[in-house]
Amino acid sequence: MNQDRVESLAQFHPFTRLNKLLEGVQSGGGNTPLLLSLGEPQFQPPSFATDAIANAKEMWAKYPPTLGNAEFRNAVRNWLVRRYGIEPGFVDPERMIVPVSGTREALFHIALSAVARGAPKGKGKVLMANPFYHTYAGAAVVAGGEPAFLPAGPETSFLPDPDAVPADLLREAAMVYLCSPANPQGSVASAEFWQRWLKLARQYDFLIAADECYAEIYTDAPPPGAIEAAQASGSCDNLLVFHSLSKRSSAPGMRSGFVAGDARYISRQAQLINYGGVAVPLPVLAASTLLWSDEEHVTANRVRYQASFDLAEKALGPIFGKVKPGGGFFLWLDVGDGEKAALELWRQAAIKVLPGGYMARVDATGRNPGAPYIRVALVYEPAQLAGALERMAGVLKSLVDAGGHKLASARGR
Ligand SMILES: Cc1ncc(COP(=O)(O)O)c(C=O)c1O
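Just so you know, these numbers come straight off a predicted model, no measurement behind them.

Things to note about the packing of helix α3 (residues 47–55) against helix α12 (residues 282–292)
If you want to describe how two helices pack, look at the angle between their axes and the distance between the axes.
So, step 1. For the pair α3 and α12, interaxial distance at closest approach is 8 Å and the crossing angle is 150°. Here α12 runs roughly antiparallel to α3, going by the angle between their axes. Considering how the two elements wind past one another, α3 and α12 form a crossing that is right-handed. Between α3 and α12, the contacting residues are Phe48, Ala49, Ala52 and Ile53 on the first element and Pro283, Val284, Ala286, Ala287, Leu290 and Leu291 on the second.
So, step 2. Its residues assigned to classes, the contact of α3 with α12 shows 10 nonpolar, no polar and no charged.

Quick notes on the site of the ligand
So, step 1. Around the ligand, a shell composed of 14 residues is seen, among which Gly102, Thr103, Arg104, Ser244 and Ser246 lie nearest.
So, step 2. Take the shell around the ligand: its biggest share by element is three residues, from helix α5 (residues 103–118).
So, step 3. For the shell around the ligand, the class distribution of residues is five nonpolar, seven polar and two charged.

Digging into the domain arrangement of the chain
So, step 1. Along its sequence, the chain is organised into domain 1 (6–43 + 297–409) and domain 2 (47–293).
So, step 2. Counting residues at the interface gives 31 residues for domain 1, matched by 28 residues for domain 2.
So, step 3. Residue assignment for the side of domain 1 that touches domain 2 shows that the elements contributing at least two residues are α13 (296–320) and β9 (330–334).
So, step 4. Of all the elements, α13 adds the most residues to the side of domain 1 that touches domain 2, at seven residues.
So, step 5. Split by residue class, the side of domain 1 that touches domain 2 holds 15 nonpolar, 10 polar and six charged.

Some details on the pairing of strand β4 (residues 146–151)
So, step 1. Here six bridges tie strand β3 (residues 125–130) to β4, and the two strands are oriented parallel to one another. From the neighbouring strand, Ala129 faces β4, where its bridge partner is Leu150.
So, step 2. Taken together, β3, helix α6 (residues 135–142) and β4 form a β-α-β motif whose crossover is right-handed.

Comments concerning the pairing of strand β5 (residues 173–179)
So, step 1. In terms of burial, β5 is largely enclosed, as seven of its seven residues are buried.
So, step 2. Here β3 pairs with β5 via three bridges, running parallel. Directly across from Lys125, in β5, lies its bridge partner Ala173.
So, step 3. Between β5 and its parallel partner strand β6 (residues 207–211), the chain crosses via helix α8 (residues 191–204), and the hand of that crossover is right-handed.

Re the nonpolar core
So, step 1. Counting residues in each nonpolar core, the largest one holds 130 residues, and the members touching the most others are Met128 and Ile208.
So, step 2. In contact with Met128, not counting residues within four places along its chain, are Tyr136, Ala137, Pro147, Phe149, Leu150, Val176 and Tyr177.

Some points on α8
So, step 1. With 14 residues, α8 should cover 20 Å at 1.5 Å per step; its first-to-last C-alpha distance of 20 Å lies within 8% of that length.
So, step 2. Restricting attention to buried positions, one finds in α8 the residues Phe193, Trp194, Trp197, Leu198, Leu200 and Ala201. The buried residues of α8 occupy an angular sector of 165° when projected down its axis, which confines them to one face. α8 presents Glu192 and Gln203 as exposed residues on the side facing more than 90 degrees away from its buried surface.
So, step 3. Looking at the buried residues of α8, the elements they touch are α7 (167–171), β5, β6, α9 (226–233) and β7 (239–244).
So, step 4. Taken from the residues just after α8, Asp205 is the one with a positive phi, measuring 55°.

Focus on the sheet that holds β3
So, step 1. If you walk across this open sheet you meet the seven strands as β2-β8-β7-β6-β5-β3-β4, and the pairing is mixed. Strands with a single pairing partner mark the edges of an open sheet, and in this sheet they are β2 (97–100) and β4. Ignoring which end each strand starts from, the neighbouring axes of this sheet average 20° apart.
So, step 2. Here β5 pairs with β6 via five bridges, running parallel. Pairing of Leu178 across the sheet is with Ala210, part of β6.
So, step 3. Lying on the sheet, helix α4 (residues 70–84) is in contact with β2 and β8 (257–261); it crosses β2 at an angle near 110°.
So, step 4. Its contacts with the sheet place helix α11 (residues 263–276) against β2, β6, β7 and β8, and it is angled at close to 145° to β8.

Here is what the cut-offs are and how they apply
Residues numbered from 1 in each chain as written. Predicted model: local features only at pLDDT ≥ 70, side-chain atom pairs only at ≥ 80, totals over all residues. Axes fitted to C-alpha atoms, helices over the stretch in contact; angles between N-to-C directions. Helix = DSSP H or I, 4+ residues; strand = E, 2+ residues; numbered from the N terminus. Parallel < 35°, antiparallel > 145°, perpendicular 65-115°, else oblique. Left-handed = near helix turned anticlockwise from the far one by under 90°. Contact = placed C-beta atoms within 7 Å. Nonpolar A, V, L, I, M, F, W, Y, C, P; charged D, E, K, R; others polar. Near = placed C-beta within 6 Å. Domains from an automatic or database assignment. Pairing = 2+ DSSP bridges. Right-handed = clockwise from strand over helix to strand, strands pointing away. Buried ≥ 20, exposed ≤ 12 C-beta atoms within 10 Å, placed from the backbone. Core = buried A, V, L, I, M, F, W, Y, C linked by C-beta atoms within 7 Å. Expected span 1.5 Å × (residues − 1). Arc of directions from axis to C-beta.

Listed below in structure tokens is the structure:
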């Protein structure tokens, strides 16, 4: 069966499936429900950003230019210089940066242009890790391409191994989505990983869409960026990087991000926005310019996530081993049967989590590599999470004691 066709998108949408799983199931334990299923930070963006939107109110009367304005693009270029140590001249803000109304939308659009370009030449495959962020597969099939899933479990350190991809598949590839820090696994790509993929992308002429929307949330060192590897190679050819304010600045409702990289693909992305996309409204662009120029709120955010990871380690570490992700804010826990665990966490403790199988597809061996896992989004204030994580530990432990499964996290044993 072709698992990924336009008509089956609803069947595979992770949250549609979760709603169905929990339909009619009473949330239990007398606890207030806590939604750790969705990666939506439950914090407020800094007030200077919302003030900037209010202060730019006369701009609601203007159509926003597709490429935004120079202030925004310069703020983004300066952030790339600060964050990744690239040379200021490496990314031309006029030709190599476009603001986008959410990276989900931009990640979707890019498949339309990459597949339209590749398919007539027999290059209609869209590569992605398995498990993966659901938009990638949706974009691939709507674009008329064909998703191709790459193993990204414990055997490849939870990232798709470039050296393991068959040459035939690389030849047929229009593009690959690569996510670091990865959703859902929390794995962080090394500089070498990006270099190896870049080399293949140029050799086989496909695009890398580097989804780095969790780049600012990490536990140890800042995750290396794909753009650093591009600079080391001398150009941004075949690479686009996707960055967002949704996680960095806790502003998912603003729908603000940017795409940077290969000027040829940036101009195609801009054309798609011209015809049928949403340019970022000028008041939002004004706020976004300030947010990309400020690090203080981002550091404070990281401290808060760190406190949540520490709580998770305390509650779940004794049964799973190390649970802290390398980056991002998800726990990716091997519980044996992710659906059963999600059901029981809801029924017994009013905690909603996402079964890992809903973020993956059945692979060549006939198994769904996400099925043993649950994804837990640590997106509430640490004080709200503390009790929930203890309750979660209790439910999961009793499931294991009953089923005899050996628990593990993506970072643990
Ligand atoms: C891996 C990944 N990429 C992209 C996005 C989209 O983020 P946004 O559209 O809010 O920028 C998300 C959101 O959850 C995500 O998890």
